[in-house]
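Examination of the molecular architecture
If you want the building blocks of each chain, they are given just below.
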Amino acid sequence: PHPYDKVKRKVIPAALRVVRLKPGRKYTKMGDLANNVGWKHQELVSSLEDKRRAKAEVFFQKKKAAAALKAKAEEAAAGDLAKVNEVLAAAGH
């Protein structure tokens, strides 16, 4: 949905099934439960989630490439910036 499609997904460790449930307990997913009682949008949500995963993968690959370029640029400029870094360190930065 609209406001949540741009929000970073988070993991709450205290809410994980592995942490909260005893071994051997039965569990279900809300989507499966809702689908069993008449909810008609499980396939739509599944397809949208697949699209989200694909976009996230593309974003991650771009982010990884940008980080690699930045590391390479910092490595290449390390010799030129040594004097500047000394001055900054002396100033407490």
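Let me begin by describing the structure that accompanies this report.

Cut-off values and rules
Residues numbered from 1 in each chain as written. Predicted model: local features only at pLDDT ≥ 70, side-chain atom pairs only at ≥ 80, totals over all residues. Heavy atoms only, no water. Helix = DSSP H or I, 4+ residues; strand = E, 2+ residues; numbered from the N terminus. Rg over C-alpha atoms; globule rule 2.2 N^0.38 Å. Buried < 20%, exposed > 50% of the residue type's maximum accessible area, 1.4 Å probe, protein only. Areas by Shrake-Rupley, 256 points an atom, 1.4 Å probe, with all protein chains shown as cover. Lys, Arg positive; Asp, Glu negative; His and termini not counted. Charge placed at Lys NZ, Arg CZ, Asp CG, Glu CD. Phe/Tyr/Trp six-rings, centres within 6.5 Å; stacked < 30°, edge-to-face > 60°. Lys NZ or Arg CZ within 6 Å of the ring centre and 35° of its normal. Salt bridge = Lys/Arg side-chain N within 4 Å of Asp/Glu carboxyl O. 1 Å grid on protein atoms, 1.4 Å probe; cavity = no way out; pocket = protein on both sides within 12 Å on 5 of 7 lines; lining within 4 Å. Points joined across faces, edges and corners; volume = space filled by probe spheres on them. Nonpolar A, V, L, I, M, F, W, Y, C, P; charged D, E, K, R; others polar.

The number of helices and strands found in the protein chain is three helices and zero strands. Its C-alpha radius of gyration of 23 Å places the protein chain more than 25% over the 12 Å reference for a compact globule of 93 residues. Put simply, the protein chain has 93 residues, and 0% of those count as buried. Surface accessibility of the protein chain: about 9,300 Å² in total, with carbon and sulfur atoms responsible for 62%. In the protein chain, 21 side chains carry a positive charge and 10 a negative one; their mean positions are 10 Å apart.

What follows covers the packing of aromatic side chains. Counted according to the given criterion, the structure contains zero aromatic pairs. The lysine or arginine in question, Arg-17, covers the ring of Tyr-27, its NZ or CZ lying 3.9 Å from the ring centre.

Right, let's talk about the pattern of salt bridges for a bit. A pair can form between side chains of opposite charge whenever their charged atoms are brought close. Under the defined criterion, the tally for this structure stands at three salt bridges. Among the ionic pairs, Arg-53 bridges to Glu-49, the shortest N-O distance being 3.9 Å. Here Glu-49 and Arg-53 lie together in helix H3 (residues 42-90), a separation of four residues that amounts to about one turn. Residue classification places Glu-49 among the partly exposed positions, given a relative accessible area of 21%. One salt bridge connects Arg-53 with Asp-50, and the closest N-O pair in it is separated by 3.2 Å. One end of the pair, Arg-53, and the other, Asp-50, are both in helix H3, three residues apart, so they sit about a helical turn from each other.

Our next topic: the layout of surface pockets. Considered as a void within the structure, the largest pocket measures approximately 1,000 Å³ in volume. Taken together, 18 residues make up the lining of the largest pocket; nearest its centre are Tyr-4, Asp-5, Val-7, Arg-9 and Arg-52. A breakdown of the residues in the lining of the largest pocket according to their chemical character gives eight nonpolar, no polar and ten charged.

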